[in-house]
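Tertiary structure, described
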Amino acid sequence: MYFVAAPNIDTIVSLAKRRGFVFPSSEVYGGLGSAWDYGPLGVELCNNVKQSWWRWLVYERDDIEGIDSSIILNRLVWKYSGHEATFNDSLIDCRKCKGRFRADKITDNKCPSCGASDWTEARPFNTMLQTKLGAVADDDPTALAYLRPETAQGIFINFLNVQTAMRRKLPFGIAQVGKSFRNEVTPGNFILRTREFEQMEMEYFVSPSAEHSKLVDYWVEQYLEWFGSLGIIRDNLYLYEVPGDELAHYSKRTVDIMYRYFPEREKPWEELMGIAWRTDFDLSTHSKNRLDAEGKRVNPDSTEDLSYFDEPTKQRFYPHVIEPAAGVNRTVLAVMMDAYSERTTDKGETRVILKLSPQLAPIKAAILPLAKNKPEIVGMAKAIKRSLQPLLRAVYDDTGGIGKLYARQDEIGTPFCITVDHQSLEDEAVTVRDRDTWEQERIKVTDLAEHLQKRLKPYTTPSLPEPI
Ligand code: GAP
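To keep things clear, this report deals only with the structure shown in the data block. (Residues numbered from 1 in each chain as written. Predicted model: local features only at pLDDT ≥ 70, side-chain atom pairs only at ≥ 80, totals over all residues. Heavy atoms only, no water.)

This paragraph deals with the side chain of Glu270. The topology assignment puts Glu270 in strand β14 (residues 269-279). Overall, Glu270 belongs to the buried group, its relative accessible area being 15%. Glu270 has contacts with Lys105, Leu192, Arg193, Met258, Tyr259, Tyr261, Phe262 and Arg330, leaving out every residue within four places of it along the chain. (Helix = DSSP H or I, 4+ residues; strand = E, 2+ residues; numbered from the N terminus. Buried < 20%, exposed > 50% of the residue type's maximum accessible area, 1.4 Å probe, protein only. Contact = heavy atoms within 4.5 Å.)

Taken as a whole, this structure holds 33 salt bridges when the rule is applied. A salt bridge links Glu184 to Arg102; the shortest N-O distance between them is 3.9 Å. Of this pair, Glu184 sits in the loop between β10 (172-181) and β11 (196-206) while Arg102 sits in strand β6 (residues 100-102), and the two are 82 residues apart along the sequence. In this pair, the class of Glu184 matches that of Arg102, namely buried. Asp436 is paired through a salt bridge with Arg435; the nearest N and O atoms lie 2.7 Å apart. Through salt bridges with shared partners, one network takes in Asp89, Arg102, Asp104, Glu184, Arg193 and Glu270. (Salt bridge = Lys/Arg side-chain N within 4 Å of Asp/Glu carboxyl O.)

A complete count under the given rule lists 18 aromatic pairs for this structure. Between Phe159 and Phe205, the ring centres sit 4.6 Å apart and the planes meet at 50°, which makes this aromatic pair tilted. Within this pair, whereas Phe159 is found in helix α6 (residues 159-165), its partner Phe205 is found in strand β11, the two being separated by 46 residues in sequence. Ring-pair connections join several aromatic residues into one group, and the members of that group are Trp56, Tyr204, Tyr218, Trp219, Tyr223, Trp226 and Phe227. It is Arg343 that lies over the ring of Trp438; its NZ or CZ is 4.1 Å from the centre. The lysine or arginine in question, Arg433, covers the ring of Tyr406, its NZ or CZ lying 4.2 Å from the ring centre. (Phe/Tyr/Trp six-rings, centres within 6.5 Å; stacked < 30°, edge-to-face > 60°. Lys NZ or Arg CZ within 6 Å of the ring centre and 35° of its normal.)

Time to look at helix α13 (residues 445-456). Spacing of three or four residues puts side chains on the same side of an α-helix, whose turn is 3.6 residues. Taking 1.5 Å per residue as the helical rise, α13 with its 12 residues ought to reach 16 Å, and the 17 Å between its terminal C-alpha atoms agrees with that figure. Tucked into the core, α13 has its buried residues touching β20 (365-369), α10 (375-388), β22 (416-420), β23 (429-434) and β24 (440-444). (Expected span 1.5 Å × (residues − 1).)

Right, let's talk about the nonpolar core for a bit. The biggest cluster of nonpolar side chains holds 69 residues, and the ones touching the most others in it are Trp53, Trp219, Tyr223, Phe227, Ile257 and Tyr261. If you tally residues by element for this core, the top one is helix α7 (residues 212-229), at 9 residues. The residues contacting Trp219, other than those within four sequence positions of it, are Leu57, Arg61, Ile64, Met202, Tyr204, Ile275, Ile322 and Pro324. Counting 19 residues, the second-largest nonpolar core is a separate cluster that includes Ala365, Ala381, Val420 and Leu456. (Core = buried A, V, L, I, M, F, W, Y, C linked by side-chain atoms within 4.5 Å.)

None of this, on its own, says anything about what the molecule does.
Shown next, in the form of C-alpha coordinates:
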(Lines give C-alpha, C1' and ligand atoms only; values in the text may rest on other atoms or scores of the structure.)
Protein backbone atom coordinates (compact mmCIF):
# COMPACT_ATOMS: atom_id res chain seq x y z
CA MET A 1 0.00 0.00 0.00
CA TYR A 2 1.33 3.47 -0.92
CA PHE A 3 0.75 6.80 0.76
CA VAL A 4 1.78 9.23 -1.92
CA ALA A 5 3.49 12.52 -0.99
CA ALA A 6 4.93 13.57 2.35
CA PRO A 7 2.38 14.62 4.99
CA ASN A 8 4.48 17.66 5.98
CA ILE A 9 7.91 19.29 5.62
CA ASP A 10 9.10 17.80 8.93
CA THR A 11 8.93 14.31 7.43
CA ILE A 12 11.42 15.44 4.78
CA VAL A 13 13.65 17.28 7.31
CA SER A 14 14.05 14.06 9.25
CA LEU A 15 14.68 11.87 6.18
CA ALA A 16 17.08 14.48 4.77
CA LYS A 17 19.23 14.51 7.89
CA ARG A 18 19.11 10.76 8.54
CA ARG A 19 20.13 9.84 5.01
CA GLY A 20 22.65 12.55 4.19
CA PHE A 21 20.67 14.95 1.99
CA VAL A 22 20.56 18.10 4.14
CA PHE A 23 22.10 18.87 7.55
CA PRO A 24 21.46 21.90 9.79
CA SER A 25 24.46 24.17 9.23
CA SER A 26 27.09 24.93 11.91
CA GLU A 27 25.48 22.42 14.25
CA VAL A 28 28.67 22.07 16.34
CA TYR A 29 28.13 25.72 17.41
CA GLY A 30 24.38 25.41 17.91
CA GLY A 31 23.42 26.10 14.28
CA LEU A 32 22.95 29.34 12.36
CA GLY A 33 19.36 30.47 12.12
CA SER A 34 18.11 29.09 8.87
CA ALA A 35 21.30 27.89 7.16
CA TRP A 36 21.48 24.33 5.81
CA ASP A 37 24.34 22.24 4.42
CA TYR A 38 23.83 19.78 1.58
CA GLY A 39 25.30 16.35 2.29
CA PRO A 40 26.63 13.68 -0.09
CA LEU A 41 23.20 12.87 -1.51
CA GLY A 42 21.79 16.41 -1.33
CA VAL A 43 24.57 17.88 -3.43
CA GLU A 44 23.92 15.23 -6.11
CA LEU A 45 20.17 15.93 -6.06
CA CYS A 46 20.73 19.71 -6.36
CA ASN A 47 23.25 19.20 -9.18
CA ASN A 48 20.83 16.91 -11.01
CA VAL A 49 18.02 19.50 -10.76
CA LYS A 50 20.35 22.23 -12.08
CA GLN A 51 21.67 19.99 -14.85
CA SER A 52 18.14 19.03 -15.91
CA TRP A 53 17.19 22.71 -16.09
CA TRP A 54 20.33 23.67 -18.00
CA ARG A 55 19.95 20.79 -20.47
CA TRP A 56 16.31 21.60 -21.03
CA LEU A 57 16.80 25.35 -21.66
CA VAL A 58 20.36 25.81 -22.94
CA TYR A 59 21.00 22.53 -24.82
CA GLU A 60 17.62 21.32 -26.07
CA ARG A 61 16.37 24.72 -27.21
CA ASP A 62 18.17 26.77 -29.83
CA ASP A 63 17.27 30.21 -28.53
CA ILE A 64 18.95 30.36 -25.10
CA GLU A 65 22.57 30.98 -24.04
CA GLY A 66 24.02 30.37 -20.57
CA ILE A 67 26.29 32.60 -18.48
CA ASP A 68 27.83 32.73 -15.01
CA SER A 69 28.25 36.29 -13.73
CA SER A 70 29.84 37.55 -10.50
CA ILE A 71 27.94 37.42 -7.23
CA ILE A 72 29.34 40.83 -6.24
CA LEU A 73 28.62 43.46 -8.87
CA ASN A 74 29.33 47.18 -9.04
CA ARG A 75 27.11 48.84 -6.43
CA LEU A 76 25.65 51.06 -9.14
CA VAL A 77 23.93 48.00 -10.64
CA TRP A 78 21.77 47.84 -7.50
CA LYS A 79 21.21 51.58 -7.45
CA TYR A 80 19.82 51.70 -10.98
CA SER A 81 17.97 48.34 -10.76
CA GLY A 82 15.94 49.95 -7.97
CA HIS A 83 17.05 47.46 -5.32
CA GLU A 84 18.80 50.04 -3.11
CA ALA A 85 15.64 52.10 -2.90
CA THR A 86 12.92 49.47 -2.99
CA PHE A 87 14.15 45.97 -2.13
CA ASN A 88 12.54 46.32 1.26
CA ASP A 89 10.44 44.25 3.58
CA SER A 90 7.99 46.08 5.78
CA LEU A 91 8.96 45.39 9.43
CA ILE A 92 6.84 45.51 12.55
CA ASP A 93 7.72 44.73 16.18
CA CYS A 94 5.45 43.18 18.78
CA ARG A 95 5.55 45.58 21.78
CA LYS A 96 4.78 42.73 24.20
CA CYS A 97 7.36 40.04 23.33
CA LYS A 98 9.67 42.21 21.14
CA GLY A 99 9.33 39.71 18.28
CA ARG A 100 10.06 41.19 14.83
CA PHE A 101 8.01 40.18 11.78
CA ARG A 102 7.26 40.97 8.16
CA ALA A 103 4.07 43.04 8.20
CA ASP A 104 2.67 41.29 5.10
CA LYS A 105 2.91 37.88 6.81
CA ILE A 106 0.68 38.88 9.75
CA THR A 107 -2.81 38.11 8.52
CA ASP A 108 -4.96 38.14 11.67
CA ASN A 109 -3.23 41.05 13.49
CA LYS A 110 -2.01 38.61 16.18
CA CYS A 111 1.67 38.13 17.09
CA PRO A 112 2.67 34.58 15.99
CA SER A 113 4.91 34.30 19.11
CA CYS A 114 2.72 35.57 21.96
CA GLY A 115 -0.73 36.25 20.46
CA ALA A 116 -0.77 39.96 21.42
CA SER A 117 -2.02 42.63 18.98
CA ASP A 118 0.16 45.55 20.06
CA TRP A 119 2.38 46.51 17.11
CA THR A 120 4.86 49.29 16.32
CA GLU A 121 4.43 51.29 13.10
CA ALA A 122 5.66 49.42 10.01
CA ARG A 123 9.04 50.57 8.65
CA PRO A 124 11.11 49.56 5.61
CA PHE A 125 14.10 47.21 5.96
CA ASN A 126 16.39 46.69 2.96
CA THR A 127 17.07 42.97 2.59
CA MET A 128 20.24 43.14 0.49
CA LEU A 129 23.18 41.59 2.38
CA GLN A 130 26.06 44.01 2.67
CA THR A 131 29.79 43.43 2.59
CA LYS A 132 32.93 45.55 2.19
CA LEU A 133 35.47 45.24 -0.57
CA GLY A 134 39.22 45.66 -0.05
CA ALA A 135 41.37 46.55 2.96
CA VAL A 136 39.47 49.69 3.91
CA ALA A 137 38.46 51.50 7.07
CA ASP A 138 35.29 50.22 8.71
CA ASP A 139 33.39 53.42 8.03
CA ASP A 140 34.57 53.99 4.41
CA PRO A 141 31.28 54.25 2.48
CA THR A 142 32.98 53.69 -0.91
CA ALA A 143 33.81 50.10 0.08
CA LEU A 144 30.15 49.08 0.48
CA ALA A 145 29.05 46.26 -1.81
CA TYR A 146 26.15 43.82 -1.90
CA LEU A 147 25.86 40.08 -2.33
CA ARG A 148 23.39 39.80 -5.22
CA PRO A 149 19.75 39.34 -4.18
CA GLU A 150 18.88 37.94 -7.64
CA THR A 151 20.96 36.45 -10.46
CA ALA A 152 18.93 38.44 -13.01
CA GLN A 153 20.98 41.69 -12.89
CA GLY A 154 24.15 39.83 -13.91
CA ILE A 155 22.26 38.82 -17.05
CA PHE A 156 20.94 42.31 -17.88
CA ILE A 157 24.34 43.98 -17.64
CA ASN A 158 25.74 41.31 -20.01
CA PHE A 159 22.91 41.54 -22.54
CA LEU A 160 24.99 43.34 -25.17
CA ASN A 161 28.09 41.18 -24.59
CA VAL A 162 26.13 37.98 -25.15
CA GLN A 163 24.05 39.34 -28.01
CA THR A 164 27.07 40.55 -30.00
CA ALA A 165 29.48 37.72 -29.12
CA MET A 166 26.92 35.04 -29.99
CA ARG A 167 25.36 37.04 -32.92
CA ARG A 168 21.89 36.66 -31.50
CA LYS A 169 18.68 38.11 -32.91
CA LEU A 170 15.46 38.58 -30.94
CA PRO A 171 13.82 36.63 -29.49
CA PHE A 172 16.49 34.91 -27.42
CA GLY A 173 17.16 34.16 -23.78
CA ILE A 174 20.05 34.13 -21.32
CA ALA A 175 20.04 31.63 -18.45
CA GLN A 176 22.03 31.66 -15.23
CA VAL A 177 22.05 29.48 -12.15
CA GLY A 178 23.78 30.44 -8.93
CA LYS A 179 23.65 31.69 -5.38
CA SER A 180 21.63 34.70 -4.27
CA PHE A 181 21.42 36.26 -0.83
CA ARG A 182 18.68 38.06 1.07
CA ASN A 183 18.69 39.21 4.65
CA GLU A 184 15.26 37.65 5.22
CA VAL A 185 13.45 38.94 8.31
CA THR A 186 11.76 35.64 9.03
CA PRO A 187 13.65 32.78 7.37
CA GLY A 188 12.36 29.32 8.09
CA ASN A 189 10.52 26.20 7.01
CA PHE A 190 13.68 24.24 6.27
CA ILE A 191 15.18 25.13 2.84
CA LEU A 192 12.07 27.05 1.76
CA ARG A 193 13.22 30.46 2.98
CA THR A 194 16.91 30.94 3.77
CA ARG A 195 19.29 33.89 3.58
CA GLU A 196 21.57 32.11 1.14
CA PHE A 197 19.88 30.17 -1.63
CA GLU A 198 20.21 29.26 -5.30
CA GLN A 199 18.23 30.57 -8.22
CA MET A 200 17.72 29.35 -11.79
CA GLU A 201 16.76 32.45 -13.76
CA MET A 202 16.26 33.04 -17.45
CA GLU A 203 15.69 36.39 -19.13
CA TYR A 204 13.88 36.01 -22.45
CA PHE A 205 14.40 39.13 -24.60
CA VAL A 206 11.67 40.05 -27.08
CA SER A 207 10.52 42.99 -29.16
CA PRO A 208 8.49 45.76 -27.46
CA SER A 209 5.64 44.83 -29.82
CA ALA A 210 5.62 41.11 -28.91
CA GLU A 211 2.57 39.58 -27.21
CA HIS A 212 4.05 39.79 -23.72
CA SER A 213 1.12 38.44 -21.77
CA LYS A 214 0.88 35.41 -24.06
CA LEU A 215 4.60 34.86 -23.56
CA VAL A 216 4.08 34.78 -19.80
CA ASP A 217 1.43 32.07 -20.35
CA TYR A 218 3.80 30.24 -22.72
CA TRP A 219 6.58 30.08 -20.12
CA VAL A 220 4.12 29.06 -17.39
CA GLU A 221 3.13 26.07 -19.54
CA GLN A 222 6.76 25.21 -20.28
CA TYR A 223 7.63 25.19 -16.60
CA LEU A 224 4.57 23.11 -15.65
CA GLU A 225 5.82 20.59 -18.20
CA TRP A 226 9.36 20.64 -16.80
CA PHE A 227 8.21 20.33 -13.18
CA GLY A 228 6.12 17.34 -14.32
CA SER A 229 9.28 15.77 -15.78
CA LEU A 230 10.90 16.10 -12.34
CA GLY A 231 8.06 14.14 -10.78
CA ILE A 232 6.20 17.08 -9.24
CA ILE A 233 2.50 16.27 -9.19
CA ARG A 234 0.34 18.70 -11.17
CA ASP A 235 -2.39 18.75 -8.50
CA ASN A 236 0.18 20.05 -6.01
CA LEU A 237 0.82 23.14 -8.18
CA TYR A 238 -1.41 26.17 -8.40
CA LEU A 239 -1.15 29.32 -10.54
CA TYR A 240 -1.39 32.65 -8.74
CA GLU A 241 -1.98 35.74 -10.85
CA VAL A 242 -0.19 38.41 -8.79
CA PRO A 243 -2.55 41.39 -8.31
CA GLY A 244 -1.43 44.86 -9.43
CA ASP A 245 -0.72 46.20 -5.95
CA GLU A 246 1.61 43.25 -5.18
CA LEU A 247 3.69 43.49 -8.39
CA ALA A 248 7.43 44.25 -8.12
CA HIS A 249 8.45 47.72 -9.30
CA TYR A 250 9.65 46.36 -12.67
CA SER A 251 6.72 44.08 -13.51
CA LYS A 252 3.56 44.62 -15.55
CA ARG A 253 2.38 41.03 -15.03
CA THR A 254 3.59 38.14 -12.85
CA VAL A 255 2.22 34.63 -12.46
CA ASP A 256 3.56 32.65 -9.51
CA ILE A 257 3.65 28.87 -9.63
CA MET A 258 2.80 27.82 -6.08
CA TYR A 259 3.48 24.40 -4.57
CA ARG A 260 1.56 22.66 -1.78
CA TYR A 261 4.42 22.82 0.76
CA PHE A 262 2.01 22.71 3.71
CA PRO A 263 -0.54 19.96 2.93
CA GLU A 264 -1.50 19.87 6.60
CA ARG A 265 -2.48 23.56 6.74
CA GLU A 266 -5.56 25.44 5.72
CA LYS A 267 -3.35 27.64 3.51
CA PRO A 268 -1.02 25.06 1.95
CA TRP A 269 0.56 27.13 -0.87
CA GLU A 270 3.93 28.87 -1.06
CA GLU A 271 5.76 30.22 -4.12
CA LEU A 272 7.92 27.78 -6.06
CA MET A 273 8.75 30.25 -8.83
CA GLY A 274 7.51 33.36 -10.61
CA ILE A 275 7.16 34.27 -14.30
CA ALA A 276 7.28 38.03 -14.78
CA TRP A 277 6.96 40.44 -17.69
CA ARG A 278 9.72 42.86 -16.61
CA THR A 279 9.06 45.22 -19.57
CA ASP A 280 12.15 47.13 -20.81
CA PHE A 281 12.79 48.41 -17.27
CA ASP A 282 16.15 46.75 -16.62
CA LEU A 283 17.87 47.22 -19.98
CA SER A 284 16.81 50.85 -20.21
CA THR A 285 17.64 51.74 -16.60
CA HIS A 286 21.25 50.51 -17.09
CA SER A 287 21.65 52.48 -20.36
CA LYS A 288 23.41 55.78 -20.80
CA ASN A 289 21.12 57.05 -23.59
CA ARG A 290 17.76 56.73 -21.87
CA LEU A 291 16.24 60.20 -21.27
CA ASP A 292 13.45 61.16 -18.92
CA ALA A 293 10.41 63.30 -19.80
CA GLU A 294 12.50 66.48 -19.39
CA GLY A 295 15.26 65.18 -21.66
CA LYS A 296 17.71 64.43 -18.83
CA ARG A 297 19.78 61.25 -18.74
CA VAL A 298 18.11 58.69 -16.46
CA ASN A 299 21.48 57.04 -15.79
CA PRO A 300 24.45 59.47 -15.83
CA ASP A 301 26.80 56.72 -14.53
CA SER A 302 26.37 54.17 -17.31
CA THR A 303 28.95 53.99 -20.11
CA GLU A 304 26.92 51.67 -22.37
CA ASP A 305 23.63 51.68 -24.19
CA LEU A 306 21.87 48.33 -23.95
CA SER A 307 19.50 48.96 -26.83
CA TYR A 308 19.06 46.61 -29.79
CA PHE A 309 19.04 47.43 -33.50
CA ASP A 310 16.37 45.48 -35.35
CA GLU A 311 17.58 44.97 -38.93
CA PRO A 312 14.21 44.15 -40.58
CA THR A 313 12.43 47.25 -39.23
CA LYS A 314 15.60 49.44 -39.02
CA GLN A 315 14.54 50.43 -35.54
CA ARG A 316 16.52 50.74 -32.32
CA PHE A 317 14.77 49.91 -29.05
CA TYR A 318 15.15 48.41 -25.58
CA PRO A 319 13.92 44.80 -25.69
CA HIS A 320 11.23 43.68 -23.27
CA VAL A 321 11.89 40.74 -20.99
CA ILE A 322 9.91 37.72 -19.84
CA GLU A 323 11.59 36.24 -16.77
CA PRO A 324 10.96 32.75 -15.39
CA ALA A 325 12.72 32.81 -11.97
CA ALA A 326 12.86 29.56 -10.02
CA GLY A 327 14.59 28.48 -6.80
CA VAL A 328 16.82 25.39 -6.76
CA ASN A 329 16.17 24.72 -3.08
CA ARG A 330 12.39 25.09 -3.34
CA THR A 331 12.40 22.79 -6.38
CA VAL A 332 14.43 20.20 -4.46
CA LEU A 333 11.99 20.38 -1.54
CA ALA A 334 8.94 19.98 -3.81
CA VAL A 335 10.62 17.07 -5.61
CA MET A 336 11.39 15.32 -2.32
CA MET A 337 7.88 15.87 -0.95
CA ASP A 338 6.23 14.39 -4.03
CA ALA A 339 8.75 11.53 -4.29
CA TYR A 340 8.15 10.48 -0.69
CA SER A 341 6.05 7.37 -0.27
CA GLU A 342 5.60 4.61 2.26
CA ARG A 343 5.03 0.94 1.59
CA THR A 344 4.00 -1.76 4.03
CA THR A 345 5.74 -5.08 3.55
CA ASP A 346 4.10 -8.51 3.91
CA LYS A 347 5.55 -8.61 7.43
CA GLY A 348 3.75 -5.38 8.32
CA GLU A 349 6.92 -3.20 8.30
CA THR A 350 6.69 0.30 6.89
CA ARG A 351 9.34 1.18 4.32
CA VAL A 352 10.05 4.64 2.95
CA ILE A 353 10.59 4.77 -0.79
CA LEU A 354 11.78 7.96 -2.42
CA LYS A 355 10.34 7.62 -5.91
CA LEU A 356 12.64 10.18 -7.49
CA SER A 357 12.60 10.54 -11.23
CA PRO A 358 15.67 8.50 -12.37
CA GLN A 359 17.26 11.64 -13.89
CA LEU A 360 17.31 13.20 -10.40
CA ALA A 361 18.26 10.18 -8.29
CA PRO A 362 21.61 10.87 -6.56
CA ILE A 363 22.69 7.26 -7.16
CA LYS A 364 21.45 5.42 -10.24
CA ALA A 365 22.66 1.91 -9.37
CA ALA A 366 23.86 0.21 -6.19
CA ILE A 367 25.97 -2.91 -6.64
CA LEU A 368 25.40 -5.28 -3.72
CA PRO A 369 27.29 -8.56 -3.12
CA LEU A 370 25.13 -11.30 -1.62
CA ALA A 371 28.08 -12.67 0.36
CA LYS A 372 30.70 -10.19 1.47
CA ASN A 373 33.06 -12.89 2.75
CA LYS A 374 33.37 -14.45 -0.72
CA PRO A 375 36.30 -12.71 -2.47
CA GLU A 376 35.12 -13.79 -5.97
CA ILE A 377 31.67 -12.27 -5.42
CA VAL A 378 33.07 -9.08 -3.90
CA GLY A 379 35.63 -8.80 -6.73
CA MET A 380 32.97 -9.23 -9.38
CA ALA A 381 30.66 -6.67 -7.71
CA LYS A 382 33.46 -4.10 -7.45
CA ALA A 383 34.45 -4.68 -11.08
CA ILE A 384 30.83 -4.10 -12.18
CA LYS A 385 30.75 -0.87 -10.14
CA ARG A 386 33.94 0.36 -11.81
CA SER A 387 32.69 -0.52 -15.29
CA LEU A 388 29.39 1.33 -14.79
CA GLN A 389 30.89 4.43 -13.16
CA PRO A 390 31.93 6.24 -16.38
CA LEU A 391 28.33 5.95 -17.63
CA LEU A 392 26.28 6.58 -14.52
CA ARG A 393 26.67 7.19 -10.79
CA ALA A 394 27.07 3.78 -9.17
CA VAL A 395 28.08 2.73 -5.64
CA TYR A 396 29.25 -0.52 -4.07
CA ASP A 397 27.78 -1.38 -0.66
CA ASP A 398 28.34 -4.44 1.53
CA THR A 399 27.59 -2.93 4.93
CA GLY A 400 24.52 -5.03 5.74
CA GLY A 401 22.30 -7.95 4.83
CA ILE A 402 20.58 -7.75 1.45
CA GLY A 403 17.17 -6.79 2.88
CA LYS A 404 18.67 -3.86 4.77
CA LEU A 405 20.71 -2.75 1.76
CA TYR A 406 17.61 -2.75 -0.49
CA ALA A 407 15.67 -0.75 2.13
CA ARG A 408 18.45 1.84 2.40
CA GLN A 409 18.64 2.33 -1.36
CA ASP A 410 14.83 2.62 -1.61
CA GLU A 411 14.89 5.35 1.00
CA ILE A 412 17.38 7.46 -0.96
CA GLY A 413 15.67 6.89 -4.29
CA THR A 414 18.16 4.62 -6.10
CA PRO A 415 16.22 3.26 -9.08
CA PHE A 416 18.22 0.01 -9.44
CA CYS A 417 19.90 -2.43 -7.08
CA ILE A 418 22.20 -4.95 -8.73
CA THR A 419 22.89 -8.10 -6.76
CA VAL A 420 25.87 -10.33 -7.40
CA ASP A 421 25.32 -13.86 -6.05
CA HIS A 422 26.94 -17.30 -6.21
CA GLN A 423 25.24 -18.09 -9.49
CA SER A 424 26.69 -14.91 -11.01
CA LEU A 425 30.12 -16.51 -10.88
CA GLU A 426 28.86 -19.27 -13.16
CA ASP A 427 26.36 -17.61 -15.50
CA GLU A 428 27.96 -14.11 -15.67
CA ALA A 429 24.57 -12.60 -14.87
CA VAL A 430 23.22 -10.41 -12.06
CA THR A 431 19.83 -9.57 -10.57
CA VAL A 432 18.47 -6.10 -11.30
CA ARG A 433 15.83 -5.01 -8.79
CA ASP A 434 13.43 -2.18 -9.57
CA ARG A 435 12.89 0.36 -6.74
CA ASP A 436 9.21 0.99 -7.44
CA THR A 437 7.91 -2.50 -8.23
CA TRP A 438 10.52 -4.51 -6.29
CA GLU A 439 10.52 -6.83 -9.31
CA GLN A 440 13.77 -8.58 -10.17
CA GLU A 441 15.23 -9.47 -13.55
CA ARG A 442 18.27 -11.54 -14.42
CA ILE A 443 20.59 -9.66 -16.81
CA LYS A 444 23.89 -10.72 -18.41
CA VAL A 445 26.79 -8.59 -17.15
CA THR A 446 27.74 -7.80 -20.76
CA ASP A 447 24.24 -6.35 -21.37
CA LEU A 448 23.99 -4.51 -18.03
CA ALA A 449 25.21 -1.04 -19.03
CA GLU A 450 22.93 -0.88 -22.07
CA HIS A 451 19.98 -2.25 -20.08
CA LEU A 452 20.38 0.40 -17.35
CA GLN A 453 21.00 3.26 -19.77
CA LYS A 454 17.82 2.41 -21.67
CA ARG A 455 15.78 2.47 -18.48
CA LEU A 456 17.46 5.64 -17.18
CA LYS A 457 17.12 7.55 -20.45
CA PRO A 458 16.93 11.21 -19.42
CA TYR A 459 13.58 12.82 -19.91
CA THR A 460 13.35 15.21 -22.82
CA THR A 461 10.46 17.61 -23.00
CA PRO A 462 8.12 16.91 -25.92
CA SER A 463 8.67 18.96 -29.07
CA LEU A 464 8.06 22.54 -28.07
CA PRO A 465 5.90 25.02 -29.93
CA GLU A 466 7.74 28.09 -31.18
CA PRO A 467 7.58 31.02 -28.75
CA ILE A 468 5.06 33.64 -29.73
N1 GAP B 1 14.59 37.89 -10.40
C2 GAP B 1 13.29 37.77 -9.84
C3 GAP B 1 13.29 37.16 -8.51
O4 GAP B 1 14.34 37.04 -7.88
P5 GAP B 1 11.76 36.20 -6.66
O6 GAP B 1 10.31 35.75 -6.74
O7 GAP B 1 12.11 37.16 -5.61
O8 GAP B 1 12.08 36.76 -8.10
C9 GAP B 1 12.60 33.87 -7.47
O10 GAP B 1 12.68 34.91 -6.53
C11 GAP B 1 12.62 32.52 -6.78
O12 GAP B 1 13.79 32.42 -5.96
C13 GAP B 1 11.46 32.28 -5.82
O14 GAP B 1 10.29 31.86 -6.51
C15 GAP B 1 12.03 31.20 -4.93
O16 GAP B 1 11.94 29.93 -5.57
C17 GAP B 1 13.50 31.59 -4.84
N18 GAP B 1 13.72 32.34 -3.58
C19 GAP B 1 13.53 33.65 -3.35
N20 GAP B 1 13.86 33.98 -2.08
C21 GAP B 1 14.25 32.83 -1.48
C22 GAP B 1 14.71 32.49 -0.16
N23 GAP B 1 14.86 33.43 0.78
N24 GAP B 1 15.02 31.20 0.11
C25 GAP B 1 14.89 30.24 -0.85
N26 GAP B 1 14.48 30.50 -2.10
C27 GAP B 1 14.16 31.77 -2.43
